[in-house]
Amino acid sequence: MLNMTPTVLKNLLSKSSTRMYPVEKREPFDRYRGELFNNIDDCIFCKKCQIKCPSQCITVTKDKDSGTGTWVCDPFACVYCSICVDHCPTNSLYMKPVHRAPSAEREMIEQVGKVKPPKKKAK
Amino acid sequence: MARTIIPFGPQHPVLPEPLHVKLVVEDEIVQEAIPALGYVHRGLEKLAEIRDYHQMIQIVERVCGICSNIHSMCYCQGIEEIMGVEVPDRAKYLRTIWSELHRMHSHLLWLGLFADAFGFEALFMQFWRIRERIMDINEATTGSRVITSVNVVGGVRQDLTPEMCSWILSEVNTAEKEIKGLQNTILNDYTVCTRTKGVGVLTKEQAYDLGAAGPTLRGSGVASDMRLLKYAAFDKIDFEPVVENDGDCYARSTVRFRETLQSAELVRQALAGLPQGEIATKVKGNPEGEVITRVEQPRGECLYYIKGNGSKYLDRVRIRTPTFANIPPLLAMLPHCELADVPVIILSIDPCISCTER
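## What about the interface of chain A and chain B?
For step 1, the next point in the chain: The partner chain B presents 32 residues to the 22 residues of chain A that form the contact.
For step 2, the next point in the chain: The largest share of the area that chain A buries against chain B comes from Asn3(A), Met4(A) and Arg31(A), three residues that together contribute 31% of it.
For step 3, the next point in the chain: For the pair chain A and chain B, the number of links is 3 salt bridges.
For step 4, the next point in the chain: Among the salt bridges present, the one from Arg157(B) reaches Asp86(A), with a minimum N-O distance of 2.8 Å.
For step 5, the next point in the chain: There are 20 residue pairs in polar contact (both at pLDDT 80 or more) connecting chain A and chain B.
For step 6, the next point in the chain: Among the secondary structure elements, those contributing two or more residues to the side of chain A that touches chain B are helix H1 (5-13), helix H2 (48-52) and helix H3 (83-87) of chain A.

Right, here's the structure in full:
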């Protein structure tokens, strides 16, 4: 009997284990996979992220006429595994260690960038 | 005497999982239990046909949230065995560390839920507070609290820095000290003992014949542990399976409690022997052939059957999770118990119904 009493008394006298979350936030860990971003200026629209993505939430399209490429990600289908970040050849994809903000309606991350012309071979 | 059939579940206040059991009751004594499964079937095995074998890692991780890392480790081991990939030593040690951390947080979660099942809310909160330390280690080292996704075919994706190693060591030591502080309560408390001792007894013969797995089997006195198969770095780490002989709910909770402390010891050993070197080898080609791999999950033995046909899509992935093996022993435990003890007995096998139905 009363095996728990010392623990209970210690908890009463010590400070709280939880924090008042929305007011008081903890510093995120460096490696935390929080939110996916694409630095569209570096993106070459190679479709590698689209091919490797396990949840198939990324769509990359290129428009030859206007010379623009579109990178679309469905953040509601994304599983935040950062496989695309690992495979990106130009390191344009990156993850921020913060939680994605809640939103009331379904929205897609859509980014449009210029397709770089292929490098000419040195003669 | 009036026989009544009482439905237990699929949604029940003490169970987080949708398990449905029909209990045939005579005067509040359970005579028979009939299980009904299939509420959370997700068809994950079928996905092997439309996702390539690298993407399947992220899918098998989602079979179970609590032992996600161990699921992907088992799958990767299978693919590596088919393709003849040699995993670097450092990757093996890192896999061992993360899998033992997973076992620790799974057991702490279960110990809390078990305390909650017989109405010991204060103990429940204590265990979950300690568990938070382990979750923080997971988040800081892998990037996610639960679904770590660190395993890839050929190794692991993340490395541990020396600072992280010392931090993990200090956190695990603190957690171990805190768990030991609760030892007297979970093992000797009057409330815990009266609710668990002599309840849901499974004899050694029954456990062996009905094919129980994990702590359910070890709580009945059979020293069976898949880690003795020496997968990952378990060949270089000393450990003995935790065995209790009574076969009741108390024995099973004691096995889990002692395994939590054992896992802390294994993490320490793995961190001490962590070799330097590469963390992954490059994998080329596609798997062709079939393989069966087994690992020890917090709940028991997990079995993967993988069949590849030489293309990047697998022919078949069959996952047998420990709860599937533990359901026949559960049905042998339930008869002749009191109706009020049913939640405690069902929780004592640590049911993970989402795993069972995948």
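## Notes on the nonpolar core
For step 1, the next point in the chain: Of all hydrophobic cores here, the largest spans 112 residues; its most connected members are Leu23(B), Tyr75(B), Leu160(B) and Leu334(B).
For step 2, the next point in the chain: When residues in this core are grouped by element, the largest group, 15 residues, is from helix H3 (residues 89-117) of chain B.
For step 3, the next point in the chain: Apart from the residues within four sequence positions on either side, Leu160(B) is in contact with Arg90(B), Leu94(B), Ile97(B), Trp98(B), Thr141(B), Cys165(B), Ile168(B) and Leu271(B).
For step 4, the next point in the chain: Among the nonpolar cores identified, the runner-up in size contains 17 residues, and Phe45(A), Cys73(A), Cys84(A) and Cys88(A) belong to it.

## Quick notes on the packing of aromatic side chains
What characterises a pair of aromatic rings is the spacing of the ring centres plus the angle enclosed by the ring planes.
For step 1, the next point in the chain: Applying the stated criterion across every chain yields a total of 8 aromatic pairs over all chains.
For step 2, the next point in the chain: Centre to centre, the rings of Phe124(B) and Trp128(B) are 5.1 Å apart; their planes meet at 55 degrees, and the pair counts as tilted. Linking Phe124(B) with Trp128(B), this pair stays in helix H4 (residues 121-142), spanning 4 residues, or about one helical turn.
For step 3, the next point in the chain: Here Phe124(B) falls in the buried class, since its relative accessible area comes to 12%.
For step 4, the next point in the chain: Since its relative accessible area comes to 30%, Trp128(B) is described here as partly exposed.
For step 5, the next point in the chain: Consider the rings of Tyr231(B) and Phe234(B), whose centres lie 5.1 Å apart with planes at 70 degrees: the pair is edge-to-face.
For step 6, the next point in the chain: With relative accessibility at 0%, the residue Phe234(B) sits in the buried group.
For step 7, the next point in the chain: In textbook terms, an aromatic cluster arises when at least three aromatic residues are bridged by ring pairs, as seen for Trp110(B), Phe114(B) and Phe118(B).
For step 8, the next point in the chain: Of note, Lys96(A) hangs over the ring of Phe37(A), and the distance from its end group to the ring centre comes to 4.5 Å.
For step 9, the next point in the chain: Sitting over the ring of Trp110(B), Arg256(B) keeps its end group 4.4 Å from the ring centre.

Rules used in this analysis
- Residues numbered from 1 in each chain as written.
- Chains lettered and ligands numbered in written order.
- Predicted model: local features only at pLDDT ≥ 70, side-chain atom pairs only at ≥ 80, totals over all residues.
- Heavy atoms only, no water.
- Contact = heavy atoms within 4.5 Å.
- Buried area = accessible area lost by both parts, 1.4 Å probe.
- Salt bridge = Lys/Arg side-chain N within 4 Å of Asp/Glu carboxyl O.
- Polar contact = N/O pair within 3.5 Å; in protein donor to acceptor, adjacent residues only side chain to side chain.
- Helix = DSSP H or I, 4+ residues; strand = E, 2+ residues; numbered from the N terminus.
- Core = buried A, V, L, I, M, F, W, Y, C linked by side-chain atoms within 4.5 Å.
- Buried < 20%, exposed > 50% of the residue type's maximum accessible area, 1.4 Å probe, protein only.
- Phe/Tyr/Trp six-rings, centres within 6.5 Å; stacked < 30°, edge-to-face > 60°.
- Lys NZ or Arg CZ within 6 Å of the ring centre and 35° of its normal.

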